[in-house]
Amino acid sequence: GRRAPIPALRVAGFASAGPPAPSTAMASAALAVLTAAHWAFSLALVLVGLLASWLRSGRRVERSFGFFHPFTSDGGGGERVLWCAVREVQSLDPTVETVVYTGDDLSGVELARRAADRFGVVLPRPIAVVRLTTRDFTRPERYPAFTMLGQAFGSAVCTAEALSLYRPDVFFDTTGHAFGYPLARLAGCRVAAYVHYPAVSTDMIRRVRTRAEAFNNDARVARSALKSTAKLVYYNLFAMAYGLCGKCASVAVCNSSWTQKHVRALWGGNPPVVFPPCDVDALLAAPTARPKSESKYVLSVGQFRPEKDHAMQLRAWAAMKRHVAGADGKKSFSEGEEAREPPEKKKGKKEDKKNDPALNASLRVVGGCRGAADVNRLASLRSLAKELNVEDSVEFHVDVPFDELRELLAGATAGLHTMVDEHFGICVVEYMAAGAIPVAHASAGPAMDIVVPAFANDEDETFLRNHALNESESEAVGFLASTEAEYAACMLR
């Protein structure tokens, strides 16, 4: 027995100086991944625990409602919902304390006065105000890229600040900032949500998938297959996160059938539809007949936000004016379609147009400005009106009080609405209540819940003027349109 030298053992394979076997390397990598995941999960639990502890550090106010509405001076339908919700809660239970979270530098008395002056909503008793300093984090213009993600983060920050200042029994969100709901649940609050507009919708995802240019899908992205694919992944991941946050709501209601469809798809469940409050009593009491001696006007009501697409209204108005004046020489509003009529018929047509009320009609645009971005947008709209040579027939009314708005509605011949996928469309209801014929966008709330049924639509002026109502149109309440030519044709009719 002499023992073999150590090098011989290595040669025989009892030990190896070479690289580890593939199975050993994979096992080591898997172990490293599991270890990292373990520590990440543990850290997340610690952070969640610390966050919950911080959110619950303040005293919880029993029998209290905290209404989360960072922008209480936007003048839109969402603000009307806020004040009607506050009024109903106060009326149902006089012992409940009501607080409004807002970033506006206004007292409770001033906010109550604004609710009465702007919307005709009188609160039964005073409200308390919790001032928010982080609401600017929710502004979309703050995030030129990944806007939805930025706003989601901003809404969570703003919600955390609100709950740290006042922890109510019920956290009532009237704005749709769902990414703050998990924080409210961590703080021990019950969450109630009135959903106006989903942060992301299946319609938005569909437009990205089909590479259609839209307000939320820039042309540079729509024309690129790679960018569209990346954006589609981003939207789908965001929709999953949005759905998980929405499930934290104890009670959720939607303002329209369109919103309900998307919330049901993203959050699950079957939230009921509660149409937003529309103050139409005073409008219904006004006479529907318009004085024949006065010039006719078309009214547009909506905040000066980009999605309202006031620019389309101006372009459609300019197209209608050109057509009535005979400046375009076309028989329809579609570009490139030449008129083919005998000279004697054209001469008679010109004589008729001199007496056409559309020549002297005006467009009155009523809206509110939330900040500098809206003010700049209003300035650009004034410039566009001049560029289109319709500045003499277009009037802009900014931040008008409720009484003045009511008077404008009562005198309008028609009401204009051009927002794509408007969740509901309170202004369309107001048009109808005031006796103004609505001309609304053929999508979402107006098409599904309000302008039902609608008149047949066509760009051809001859069709519109001579079209006889069929049985299905005998009870039609207005028009639906989607292009500038269709809007121009509807207004002319």
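Rules used in this analysis
- Residues numbered from 1 in each chain as written.
- Predicted model: local features only at pLDDT ≥ 70, side-chain atom pairs only at ≥ 80, totals over all residues.
- Heavy atoms only, no water.
- Axes fitted to C-alpha atoms, helices over the stretch in contact; angles between N-to-C directions.
- Helix = DSSP H or I, 4+ residues; strand = E, 2+ residues; numbered from the N terminus.
- Parallel < 35°, antiparallel > 145°, perpendicular 65-115°, else oblique.
- Left-handed = near helix turned anticlockwise from the far one by under 90°.
- Contact = heavy atoms within 4.5 Å.
- Nonpolar A, V, L, I, M, F, W, Y, C, P; charged D, E, K, R; others polar.
- Phe/Tyr/Trp six-rings, centres within 6.5 Å; stacked < 30°, edge-to-face > 60°.
- Buried < 20%, exposed > 50% of the residue type's maximum accessible area, 1.4 Å probe, protein only.
- Pairing = 2+ DSSP bridges.
- 1 Å grid on protein atoms, 1.4 Å probe; cavity = no way out; pocket = protein on both sides within 12 Å on 5 of 7 lines; lining within 4 Å.
- Points joined across faces, edges and corners; volume = space filled by probe spheres on them.

Chemist: Looking at this model, I keep getting lost on the packing of helix H12 (residues 310–325) against helix H20 (residues 484–492). Mind explaining?
Modeler: Helix-helix packing is described using two parameters, namely the angle between the two axes and the distance between the axes. For the pair H12 and H20, interaxial distance at closest approach is 8 Å and the crossing angle is 55°. Taken together, the axes of H12 and H20 are oblique relative to one another. Note that H12 runs across H20; the crossing there is right-handed. Of the residues in H20, those touching H12 at Met-312, Arg-315, Ala-316, Trp-317, Ala-319, Met-320, His-323 and Val-324 are Glu-484, Tyr-487, Ala-488, Met-491 and Leu-492. Here the contact of H12 with H20 is composed, by residue class, of 10 nonpolar, 1 polar and 2 charged.

Chemist: How should I be thinking about the packing of aromatic side chains in this particular structure?
Modeler: Scanning the model with the defined rule gives 15 aromatic pairs in all. Ring plane angle 35° and centroid distance 5.4 Å describe the contact between Phe-275 and Phe-424, whose orientation is recorded as tilted. Residue Phe-275 is found in the loop between helix H10 (257–267) and helix H11 (281–285), and its partner Phe-424 is found in the loop between strand E10 (414–416) and helix H17 (426–433); the two are separated by 149 residues along the sequence. Classification of Phe-424 by relative accessible area gives buried; the value is 5%.

Chemist: Looking at this structure, I do not really get the sheet that holds strand E12 (residues 479–481). What am I missing?
Modeler: Where strands meet in a sheet, backbone hydrogen bonds hold them as pairs that are either parallel or antiparallel. Taking strand neighbours across the sheet as the criterion, the 6 strands line up as E9-E8-E7-E10-E11-E12 in an open arrangement whose pairing is parallel. Bordering the open sheet on either side are strand E9 (394–398) and E12, each of which pairs with just one other strand. Ignoring strand direction, the axes of neighbouring strands in this sheet form an average angle of 25°.

Chemist: Would you mind showing me how to read empty space enclosed by the protein here?
Modeler: Unfilled space is identified by rolling a water-sized probe across the atoms. By the definition in use, this model includes 1 cavity of 30 Å³ or more. Lining of the largest cavity is provided by Ser-300, Val-301, Gly-302, Lys-308, His-310, Gln-313, Leu-416, His-417, Thr-418, Met-419, Glu-422 and Cys-427. When contributions to the lining of the largest cavity are tallied by element, the ones reaching two or more residues are strand E7 (297–301) and H12. Each residue belonging to the lining of the largest cavity can be placed in one class, and the counts come to 4 nonpolar, 6 polar and 2 charged.

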